[in-house]
Structures are given as structure tokens and as C-alpha cells.
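Residue-level structural notes
Spelled out, the chains give:
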Amino acid sequence: MTPLFEQVTIPAGHSWGLLWRELDAIPFLWHYHPQFELTLTVNARGQRYIGDHLGDFEPGDLVLLGPNLPHTWSASERIDGAQPMLAVVVWFSLEWLERLAACFPELHGLRQLAARAGPALHFSTDTSARSAARLLQLNALPVPQRLPLLLDVLLDLAGDAGARPLASTAQAPLPDGQHQRMAGVLDFMHAHFREEIALDTLAQKAALSLGAFHRRFKRHAHCTPGEYLARLRIGRACQQLIESNHAIAVIAQEAGYRNLAHFNRQFRAARQMTPRAFRQQYRRAANGAA
């Protein structure tokens, strides 16, 4: 199932976009766009699909997605049957964030937020509740008053230490002196994840001892190099399960697994379901919206 490109239009006289969607149901529409997207879901319970992530969401769910990340929400259950489901969606570009941070040094945290949001961020309960209360005010405000409120929300999100990535290729921001070194290691892993990669090889690329590399990598990615490699492989398999009709054995092989049973065990550990069930859940959601 190939994601559809969505053309996001920012209205004349605006630097960012706001969509206020009241719905009886949230349809499955697998799509992507080059803008960041902040989505608050109200009065709904269902499933969200973001990159290779599949998970349940509850009312008040708040997620920030990075550019070009395929995604959709799907729900038919309203918590209050007398009220519509509500999706409050904010779109903005990386250039918009960069210009703000360049003009106002106090907004430097927005750059860090953007760097973390590539694989999508799900925010902690307290931060989500505070942000939801402010986001729900946006639609009633005059246009000029919306911007400071949105910046207040984004700065709060940038300071949320409890925010967690949803897709499998999550990266935490590094200090400038370390970023280039680790970026080279990650680029190598992304290019060669189908192969067996020795830890010594990665440590050499980072110009670090084995122990120092292992500690720095774990601090950066919040997992070991082996776990990160498995995420890349499972992420590739999820993409193929969604977008192709290839046999599961073929998908496992293409993702770097030489043993189908090992692939099935790792997939179940990562996604709490079998590859077949993962594919079927996506297909049911897509067919239900057709």
C-alpha cells in the first residue's frame, strides 16, 4: 500500500497551517507531506499508523510528525456520542522553524525539537494535557494571536524529557561536536543494515574505543547498536508488509534476516504481533475506509 502525497496549502497571509476537523469517524488515509505535523485527537479512540509504528491512541493523544513520514489515524469510536471527533492539526515547515530560531535565539529549542521529531514524537501525559488546553483555543482566536500561542506550545513540547519516538529510526539530538561523528555511523548502518555489521567496524568509523562507542551510541539512540540494527530491519519489513504483496519469507530475506523463524521472533517482540497479523491489521483498516 503506497502512501499518497498530500499537498498541504498554507493560506495567504499565514506562515503555518491550522486544520480543525470535526468528524463522525476518522478514516484510514495513508499519506505523507513535506511539512511537520502536530496532531491532537479529541473524543476518539482508535489506532495510529506512523511509519512502521502501529499503536492504539486515546482521547487527548498528541503527536508531532517529521516531514515525509507516512501516517494516518483511524477511529470509529466516539467517547461522547453526542459530540463529533475532533482532530486539531498544525502544519509548519522546517524553514519556518529555522527562520524563527535564526531571528530569536530564545527559540533555539525549536531546532532541537525538529531534530527529534523526524520519526514522530509522542508526548508525556502532563505535557500533552497542557498543550491540548492551549491548542483547543487556536480556532477561536484572531489569526495574529494564534502564533504566540503556538510558539508557547512548541517550546513546551521541546522541553518534554518524557517525549518518546514512535517509528523505529529514532535519534536523540547530540551536542554539535558529537553529531557529525555519530551521523556517519548511523548513515553507514542505514546503508548496510541488511548485512552483518561488526561492532568493531562501527567503533572504528566513530574513532572511538569499543567501550566508549557503545556508551555514546546508547546515550544517543537510547538503545544498543544491535537493537538499533534490529529496528532498521523490522522497520524495513513493516514498510514492505504495508506497501507490497511479497511473501513474508521474501520480505524477511530482503530486510536482512537469513532465518525466517528468527525474523518472526524479532518481529513479534518488536510489534507484539506476527508479520501476517500486522499486514492484515493495516489491510482491514484500509479496506474499512474504502
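This text follows the structure it describes.
An account of the accompanying structure is given in this report. (Residues numbered from 1 in each chain as written. Predicted model: local features only at pLDDT ≥ 70, side-chain atom pairs only at ≥ 80, totals over all residues. Heavy atoms only, no water.)

1. With respect to the packing of aromatic side chains
Quick reminder of the rule: The rule is short: rings of Phe, Tyr and Trp, with Trp giving its six-membered ring, pair when the centres are within 6.5 Å, and they are stacked under 30 degrees, edge-to-face over 60, tilted in between. For the exposure calls, accessible area comes from a 1.4 Å probe over protein chains only, and a residue counts as buried if that area is under 20% of its type's maximum, exposed if over 50%, partly exposed in between. By definition, any uninterrupted DSSP run of H or I lasting at least four residues is a helix, any uninterrupted run of E lasting at least two residues is a strand, and each is numbered from the N terminus. Only Lys NZ and Arg CZ are tested; either one counts as a charge over a ring when it is within 6 Å of the ring centre and within 35 degrees of the ring normal.
Scanning the model with the defined rule gives 7 aromatic pairs in all. Taking 5.3 Å as the distance between ring centres and 40° as the angle between the ring planes, the aromatic pair formed by Phe92 and Trp96 counts as tilted. Judged by its relative accessible area of 4%, Trp96 is buried. Where Phe217 meets Tyr228, the ring centres are 5.6 Å apart and the plane angle is 85°; that geometry is what we call edge-to-face. Placement of the pair is Phe217 in helix α7 (residues 210-221) and Tyr228 in helix α8 (residues 225-243), with a sequence separation of 11 residues. An aromatic cluster is defined as three or more aromatic residues linked by ring pairs; in this entry it consists of Tyr257, Phe263, Phe267 and Phe278. In this structure, Arg233 is placed above the aromatic ring of Tyr257, and the distance from its NZ or CZ to the ring centre is 5.8 Å.

2. Things to note about helix α3 (residues 125-135)
As a reminder, the rule being used: By arc we mean the arc of the directions from the helix axis to the C-beta atoms, nothing more. Between two residues, a contact is recorded if the distance between any of their heavy atoms is within 4.5 Å.
What α3 keeps buried is the set Thr127, Ser128, Ser131, Ala132, Arg134 and Leu135. Projection of α3 onto a plane perpendicular to its axis shows the buried side chains occupying an angular sector of 160°, all on one side. Summarising the geometry of α3, the exposed residues directed more than 90 degrees from the buried face are Thr125 and Asp126. For α3, the secondary structure elements touched by its buried residues are β2 (17-23), β4 (36-42), β7 (61-65), β9 (85-92) and α4 (143-158).

3. Description of α4
Heads up, the condition is: To estimate how far a helix should reach, multiply one less than its number of residues by 1.5 Å.
Its 16 residues give α4 an end-to-end C-alpha distance of 23 Å, which sits within 8% of 22 Å, the value for a rise of 1.5 Å per residue. The set of residues buried in α4 consists of Arg146, Leu149, Leu150, Leu151, Val153, Leu154, Asp156 and Leu157.

4. Some details on the side chain of Gln281
Along the chain, the position of Gln281 falls in helix α11 (residues 275-289). Judged by its relative accessible area of 19%, Gln281 falls in the buried class. For Gln281, the contacting residues outside a window of four places in its chain are Gln47, Tyr49, Leu54 and Met273.

5. Points about the packing of helix α1 (residues 94-103) against helix α2 (residues 109-116)
What counts here: All axes here are fitted lines through C-alpha atoms, helices being fitted over the stretch that makes contact, and every angle between N-to-C directions spans 0 to 180 degrees. Any angle that is under 35 degrees is reported as roughly parallel, and any over 145 degrees as roughly antiparallel; angles of 65 to 115 degrees are reported as roughly perpendicular and all others as oblique. Nonpolar residues are Ala, Val, Leu, Ile, Met, Phe, Trp, Tyr, Cys and Pro. Charged residues are Asp, Glu, Lys and Arg, and all others, Gly as well, are polar.
Look at α1 against α2: their axes get within 8 Å of each other, and the N-to-C directions meet at 155°. Taken together, the axes of α1 and α2 lie roughly antiparallel to each other. Every residue of α2 that contacts α1 at Leu94, Leu97, Glu98, Leu100, Ala101 and Ala102 is listed here: Leu110, Arg111 and Ala114. Split into classes, the residues belonging to the contact of α1 with α2 amount to 7 nonpolar, no polar and 2 charged.

6. Section: the pairing of β4
What counts is decided by this rule: Here a strand pair is declared whenever DSSP counts at least two bridges between the two strands.
Among the 7 residues of β4, 6 are classified as buried, and the element is accordingly described as predominantly covered. Where β4 lies against β9, 7 bridges are found, and the strand directions are antiparallel. Pairing of Thr41 across the sheet is with Ala87, part of β9. Note that β4 and β7 share 5 bridges and pair antiparallel. Each residue of the ladder has a partner; that of Leu40, found in β7, is Leu62.

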